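Geometric and topological summary
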Amino acid sequence: MRIGIDVGGTHTDAVILNGDDVIAATKALTSADVISGVTAALDEVLKQSGVSVSSIRTVMIGTTQFTNAIIERRELSRAAVIRIGLPSGRGMPPMVDWPQDMIDAIDAEVYMLHGGYLYNGWPVADMRDDEVNAAVSDIQRKGIKNVSIASAFSPMNNTPETQVAEKVRAAIPDARITLSHSFGRLGLMERENAAIMNTTLLPFADRVVTSFLGALAQRGLTCPAFISQNDGTLMNADFVRAYPALTFASGPTNSLRGAYKLTGLENAIVVDIGGTTSDIGVIQNGFPRESNVIVNVGGIRTNFRMPDILAIGLGGGSLVSSDGRIIGPQSVGHKLVTEGLVFGGRTLTTTDILVASGHSDIGDKARVAHLAPEVVTQATATMHTMLNDNIEMMKPGGKDMPVILVGGGAVLVTDGLNAASKLHRPENAGVANAIGAAIAQVGGESERMLSYRQTPRAEAIASVTRAATDRAIKAGADRATIRAVDIEETAVPYMDEGATRVRVKVIGELAQ
Amino acid sequence: MKKIDLSHLDDLALGSVFLATGGGGDPHVPQLITEQAIKAYGPISLIAPEALDDDAFIVPIGNVGAPTVSLELLPSVDEAAKTIDAFEAHVGRKVDAVASFEIGGGNSLIPLVAAAVKGIPVVDGDGMGRALPEAQMMSYAIAGVRPTPALALDYAGNQATFQTKTTEVYERHIRSFAMAAGGMITTAEHAMSGAELKRSVIPGTLSFSIELGRTLRENRGQAEGLLKPLQDIFVPSIYGECRLVFQGKVIDKATRIVGGYDVGEATIDRFDGSGEPLKISIKNEYLLATIGDKVIASVPDLIVIVDYETGTPINAERLRYGHRVAVFAVGCPEFYRTPEALRVVEPRCFGFDIDYVPLEKL
């Protein structure tokens, strides 16, 4: 049996899965100290199920704590930022395009050094020992413990990053260091941004992971614990102490994965209807379809792979125009319970339409009795049209696809959806995130720029796959179950024929 | 003389991606460089071609290389100005103004960086009115401006000068140097007099790109809503016709390198899956759009793919399976419809065995 926990900004959810069956589920409030909310949720599911802690094999945790910390600019530690790439990029220092409040929040010291590599393996410039030593002593003198290091083309050759890291560690033994090549993909600025954000979260990550593990230990759970990351795969908890930034998109990912688990549908559209928005995502072969565009986290460009989510302004608290033709994007949000008509408020919301149409009896039905039937019919039609049109746009290849409804606002869908080949409303849809965390697998990704002239294509792909596999094993995967799920080759225009960027992603089952 | 300041850069970059028709590279980093240059040196003067003296000395400047490389080998703020300095020393003459190779993509911004640092104006116009893959396709070359003497600088300040007999040979040599220098260089080439520029430039494209970017920004949203505002600015301009030719999902995109270029095809299905798909042929840029045997638009007219939800143009290197897109077609400037221009930019120059038919006659 396994436990899945989702620690969100407002709620901490927990489930116990026995094989594929959800045998207990609960929603508790997230506590300020995190730990007591987690223990409360754990107590509840253990009590509900009557399961003894010794029969729990693993605990999986999904959390938005680190994303929220970046967005809210809190819990961020002072960082030293080293870039190795001079003489390229003069006058283009790290964080040059960051929002000022984020720059202020991390109060970084920036060091730009000579070195790095070109795409063809030649050095950008020789590294200069005196330059490196001066930077390291300055960091030491200023007492900064969190250090990010990025060098040009480090996904291809990470020697400059590792060499400087050794010097930092020799001088500052308790330094926490993030090397940009850990975040794979080409794009120095985006990769460096990821490394800096990661670095500034390291002390907080340490505290959060310690509280998670503390909560589990308090309840006698000594089994391995994992935390889910952006792509729906797992990291062991200690890995998160080093790479908290890898959890940035785990919220929507777990929701999509949970919907997959609840229905068993490997290819489907998932519509998560909340209070303010409907988030439409796509499951392909059991995993979220990823976004194509550069993703901003807290106003900062990153190279993270995130699920492709289309958010539309339709939720349980969305405002409805008096003729029922326009819905959202404004919403009363969590104030629905005071501002909605059926709750004695004065704002016409989608929930009021639902009650007026006779599909729900929450609140006071008498307060919506005055609504003209044609307005109720029109508003209901508007909601369904919005969902149908947007689901249609997310569907790959215009194929028939089932739709899975999750989230508290799923009740708004009363008339079925034309865009869906079949509509699914799974039980336990409210704790889809915790279920998504509970079923996460272990993944690994690697990317390199190679010349197919120097390295034949098959050999090139095999070497990148090996690097991805090593990463997956390091993250806790069982070697025997690892398979490549994505191989992407991008030819580099204007260059030597055969210069190609190869990216491989592998996943595997959690090693027992 | 108009000035370009920080407030214009977002729009210029956005407009330039639209005009890049899939090529030209992501202007994000060039835009950051330009911002740094304007912050340090102040706004840039924009000079209309007709305002230049006939004997003024103008040199186009830009980057040559692989967009992917510039993701790692970041440009420097002083690189463009150093290239001009070195060029001036090489030819023994001061440059009065700089101009752009191509308004499409990051190369629309490099002359601005040079102009800011050097304190000289940038010409309101460019050598393509869009983005195209080769030097001999530039209007400067087509109008008879010689590419050399030319000078290239790499990130470390290493320098190469070129003196070639033809633009085609120049194109080959400059590519070799770009590869040897790590994949990205800055070059000053096709230097000319004010009189020569006036007959070879595609005029007004820099200010047009800013206007276009503003239109895209202000009308951000689903593609149907964009058509009218786009027609309002394209129809009275040097471009003319503007059509929304297709909307749907990318169901396939495959490119491979042939002769140093990204060559391939994208296939787009309608959202409801009905009818035949639209096929877009790619050689760095989007060059040909067809449905079955029917040509919908072809080079040198502009084919632009935008994100369906936001109207944001999408570069060929970022276009991927599953993208929800709208496809616009826009007429090219009249210059590119002359026999001299069509000889180097007609569909056959890119390996498509069809005659060029102007967009409005399709």
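As annotated in an unreviewed UniProt entry, chain B is DUF917 domain-containing protein from Litorimonas cladophorae.

Within an unreviewed UniProt entry, the label attached to chain A reads Hydantoinase, and the organism entered is Litorimonas cladophorae.

Brief notes about the overall build of chain A
Helix and strand counts for chain A stand at 13 helices and 23 strands. Projected onto its principal axes, the C-alpha coordinates of chain A cover approximately 80 × 55 × 45 Å. Pairs at least 24 residues apart make up 67% of the contacts formed inside chain A by residues separated by at least 6 positions.

Examining helix α10 (residues 223–234) of chain B
All names here are of chain B. With twelve residues, α10 extends 16 Å from end C-alpha to end C-alpha; this agrees with the ideal 16 Å at 1.5 Å per step. Every buried residue of α10 is accounted for by Ala-223, Leu-226, Leu-230 and Phe-234. Down the axis, α10 shows its buried residues gathered within 55° of arc, on one side only. More than 90 degrees from the buried face of α10, the exposed residues found are Glu-224, Gly-225 and Lys-228.

Observations concerning the domain arrangement of chain A
Residue and element names in this part refer to chain A. Split into domains, chain A comes out as domain 1 (1–56), domain 2 (72–206) and domain 3 (442–508). Look at where the C-alpha atoms of domain 2 and domain 3 centre, and you get two points 25 Å apart. Residues of the side of domain 2 that touches domain 3, tallied by class, amount to four nonpolar, one polar and one charged.

Looking at the sheet that holds strand β6 (residues 109–114) of chain A
Strand pairing within a sheet occurs via backbone hydrogen bonds; the two strands may be parallel or antiparallel. Residues and elements named next belong to chain A. Judged by pairing direction, the sheet is parallel, and its four strands sit side by side in the order β6-β5-β7-β8 without closing on themselves. Taken across any chain shown, the strands that pair with only one partner, and hence form the sheet edges, are β6 and β8 (176–179). Strand-to-strand, the axes of this sheet are offset by a mean angle of 20°, without reference to chain direction. The pairing of strand β7 (residues 146–151) with β8 spans four bridges and is parallel. Looking at β8, one finds that Asn-146 is bridged to Arg-176. On top of the sheet, helix α5 (residues 159–171) reaches β5 (79–86), β7 and β8; it is set at about 155° to β7, its chief contact.

Thoughts on the domain arrangement of chain B
Residue and element names in this part refer to chain B. Its domain assignment divides chain B into domain 1 (2–203) and domain 2 (220–361). Using only C-alpha atoms to locate each centre, domain 1 and domain 2 end up separated by 25 Å. On the side of domain 2, 23 residues touch domain 1, which itself brings 20 residues to the contact. Secondary structure elements with two or more residues in the side of domain 1 that touches domain 2: α1 (6–19) and α6 (139–142). Of all the elements, α1 adds the most residues to the side of domain 1 that touches domain 2, at three residues. Looking at the side of domain 1 that touches domain 2 residue by residue, the classes come out as eleven nonpolar, six polar and three charged.

Quick word on the sheet that holds strand β10 (residues 234–236) of chain A
All names here are of chain A. The strand order β3-β2-β1-β4-β9-β10 describes an open sheet built from six strands, whose pairing is mixed. Since the sheet does not close on itself, it has two edges, and those belong to β3 (21–29) and β10, each with one partner. With direction set aside, neighbouring strand axes in the sheet form an average angle of 25°. Pairing of strand β4 (residues 58–63) with strand β9 (residues 225–228) involves three bridges; the strand directions are parallel.

Focus on the pairing of β8 of chain A
A two-sided burial pattern is seen for β8 of chain A, the buried positions comprising Arg-176 and Thr-178 of chain A on one face and Ile-177 and Leu-179 of chain A on the other. For the crossover that starts at β7 of chain A, traverses α5 of chain A and ends in the parallel β8 of chain A, the hand is right-handed.

Examining the confidence of the model for chain B
The predicted model of chain B has a mean per-residue pLDDT of 92, with 98% of residues at 70 or higher. Quick note on the complex model: pTM equals 0.84, ipTM equals 0.85.

Reading the values: the criteria
- Residues numbered from 1 in each chain as written.
- Chains lettered and ligands numbered in written order.
- Predicted model: local features only at pLDDT ≥ 70, side-chain atom pairs only at ≥ 80, totals over all residues.
- Helix = DSSP H or I, 4+ residues; strand = E, 2+ residues; numbered from the N terminus.
- Contact = placed C-beta atoms within 7 Å.
- Expected span 1.5 Å × (residues − 1).
- Buried ≥ 20, exposed ≤ 12 C-beta atoms within 10 Å, placed from the backbone.
- Arc of directions from axis to C-beta.
- Domains from an automatic or database assignment.
- Nonpolar A, V, L, I, M, F, W, Y, C, P; charged D, E, K, R; others polar.
- Pairing = 2+ DSSP bridges.
- Axes fitted to C-alpha atoms, helices over the stretch in contact; angles between N-to-C directions.
- Right-handed = clockwise from strand over helix to strand, strands pointing away.
- pLDDT = per-residue confidence, 0-100.

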